[in-house]
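# Descriptive structure summary
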Amino acid sequence: MAETKTIILTSEGKLKLEEELQHLKVVRRAEVAVKIKEARAQGDLSENAEYDAAKEEQAEIESRITQIQNMLKKAEIINEDAFDKGVVNLGNKVKIYDNDFEEEDVYTIVGSAEADPMKGKISNESPIGRALLGHKPGDEVPVETPDGIITIKVLEIL
């Protein structure tokens, strides 16, 4: 029997997925249906690049809809209020100091489905995210990276 992996989401992440799903179902499906209809009106479908592109876009939309629906079915929404406020947990925004680069960063620890490093959202499964979990402000935390071990300091849980 196949094991289903739980998808960890913050309430904000769940809301964003639900909004994307709604947009795909209502707006994007209608847009691509119009494109397909217009391409069909051009005649011969065997050599119709617009038709092929619209059908491919439709397949991508349907695939993403299915993906989001499956994620939401497997989702476990983290209850940030249930966690100890004094230690780093899922859903926390954490201010750290990277000793190697001598710079401060702020990360939000989220599940892998929500991770977006460009927006400061790192997965609890990433090296830094995993290392930070359970630590308190003031803790020096070793992080194993592909380039070796670095040390970061937890400055504050925001």
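Coordinates for the structure precede this section.
Now for a description of the structure that goes with this document. (Residues numbered from 1 in each chain as written. Predicted model: local features only at pLDDT ≥ 70, side-chain atom pairs only at ≥ 80, totals over all residues. Heavy atoms only, no water.)

Moving on to the side chain of Thr10. Examined against the element boundaries, Thr10 turns out to sit in the loop between β1 (7–9) and α1 (11–40). Classification of Thr10 as buried rests on a relative accessible area of 6%. With residues up to four places along the chain from it excluded, the contact list for Thr10 reads Ile77, Ile78, Glu80, Gly91, Val110 and Glu114. (Helix = DSSP H or I, 4+ residues; strand = E, 2+ residues; numbered from the N terminus. Buried < 20%, exposed > 50% of the residue type's maximum accessible area, 1.4 Å probe, protein only. Contact = heavy atoms within 4.5 Å.)

Below, the discussion takes up the environment of Gln67. Looking at the secondary structure, you find Gln67 in helix α2 (residues 49–74). In this structure Gln67 comes out as partly exposed when scored by relative accessible area, which is 40%. Measuring from C-alpha to C-alpha, the distance between Gln67 and Lys93 comes to 27 Å, with 26 residues separating the pair along the chain.

Another aspect to go through is the nonpolar core. Note on soluble globular proteins: their nonpolar side chains tend to be buried together. Ranked by internal contacts, the top residues of the largest apolar core, which has 17 residues, are Val88, Ile109, Ile128, Leu132, Val143 and Ile152. Contributing elements (two or more residues each) for this core: β3 (93–98), β4 (103–110), α3 (127–132), β6 (140–145) and β7 (148–157). Tallying contributions element by element places β7 first for this core, with four residues. With sequence-adjacent residues up to four places away left out, Leu132 is seen in contact with Val88, Ile96, Ile109, Val141, Ile152 and Val154. Formed by 10 residues, the second largest nonpolar core is a distinct cluster that contains Leu21, Ile65, Ile68 and Met71. (Core = buried A, V, L, I, M, F, W, Y, C linked by side-chain atoms within 4.5 Å.)

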